[in-house]
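A closer look at the structure
Residue strings, one per chain:
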Amino acid sequence: IQDRNAKPIGSEISVEAEGQDLLINIPALGFRKSTSRISAFVCFGFLFCELFVLAVLVPALLAGKVGGQPAAGWLMVAVFTVVVVGMLLYRVNAAIQCGAVRVRPDSLSFREHALFGKQHQEWKREAIESVRVEVEEYRTSESISFEHFISVKPVSESERQWFSHLAKDDLEWMVASIQKHLD
């Protein structure tokens, strides 16, 4: 984790001074910036297969022209459709996540909007122990991945992982801006 005092190249996050307040706006990333090329390829592949399943298998099941148990065909349609819908909801959620951070003379507040709801939390300035970028490691048998997020450590509060959908350099710049304004 680095101290980053300059805005990262290509970042759409804006920092505005409003009197004594500091407002950091985090716009939605959209589908292109929130989805890697590999993820987009996989999503389009699943969508193509889903269209094939809906256009070929469902009419065949309805007409009774499928050899074997029709229940197995309907189970395959249902499972595949649930997977595709879940994958699409995940991608839409990643594309529309947005939020804001407001630093006031007496408080700090975070607001994050996503497909499944809003999160908002406000802390009194004297209760804040630290604001920093943290990382969580995820291991599988084949790879290791890292998720970066902003953590606010106030006295006797539960911890939440804020803005984990953003790039590490954006998070570092946001935290540097927040700390500078808090100091």
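Let me begin by describing the structure that accompanies this report.

Conventions and cut-offs
- Residues numbered from 1 in each chain as written.
- Predicted model: local features only at pLDDT ≥ 70, side-chain atom pairs only at ≥ 80, totals over all residues.
- Heavy atoms only, no water.
- Core = buried A, V, L, I, M, F, W, Y, C linked by side-chain atoms within 4.5 Å.
- Buried < 20%, exposed > 50% of the residue type's maximum accessible area, 1.4 Å probe, protein only.
- Helix = DSSP H or I, 4+ residues; strand = E, 2+ residues; numbered from the N terminus.
- Contact = heavy atoms within 4.5 Å.
- Pairing = 2+ DSSP bridges.
- Axes fitted to C-alpha atoms, helices over the stretch in contact; angles between N-to-C directions.
- Expected span 1.5 Å × (residues − 1).
- Bend = angle between axes of the 7 residues up to and from the residue.
- Lys, Arg positive; Asp, Glu negative; His and termini not counted.
- Salt bridge = Lys/Arg side-chain N within 4 Å of Asp/Glu carboxyl O.

Residues V101, L108, F110 and F163 are the most contacted members of the largest nonpolar core, which totals 23 residues. Going through the elements one at a time, β2 (21-26), β3 (98-103), β4 (107-114), β6 (128-139), β7 (144-154) and α4 (168-182) are the ones with two or more residues in this core. Looking at which element gives the most residues to this core, the answer is α4, with six residues. What F110 contacts, discounting residues up to four positions off in sequence, is A100, V101, Q119, H120, Q121, W123, I150, V152, W162, F163 and I178.

So, on to unusual backbone geometry. Despite not being glycine, F163 has its phi angle at roughly 55°, a positive value. Among the secondary structure elements, F163 is positioned in the loop between β7 and α4.

Pairing within the open sheet is antiparallel, and its five strands lie in the order β1-β2-β3-β4-β5. Edge positions in the open sheet fall to β1 (14-18) and β5 (117-124), since each of these has one partner strand only. Between one strand axis and the next, the sheet turns by 10° as a mean value, whatever way the strands run. Relative to β5, β4 runs antiparallel, the two being bridged by eight bridges. Each bridged residue has a counterpart across the sheet, and for E112 the counterpart in β5 is Q119.

Helix length check: helix α2 (residues 37-63) (27 residues) gives 39 Å between terminal C-alpha atoms against 39 Å at 1.5 Å per residue, within 8%. Taking the largest bend as the criterion, α2 deviates by roughly 30°, centred on V53. If you check which residues of α2 are buried, you get C43, E50, V53, L57, V58 and L61. Where the residues of α2 are buried, they touch α3 (70-96). In the stretch just after α2, G64 is the one whose phi turns positive, near 75°.

Our next topic: the side chain of E50. Relative to the assigned elements, E50 resides in helix α2. Although E50 is buried, it forms no salt bridge, and the closest oppositely charged side chain is R91 at an N-O distance of 17 Å. Beyond its immediate sequence surroundings of up to four residues, E50 is in contact with F80, T81 and V84.

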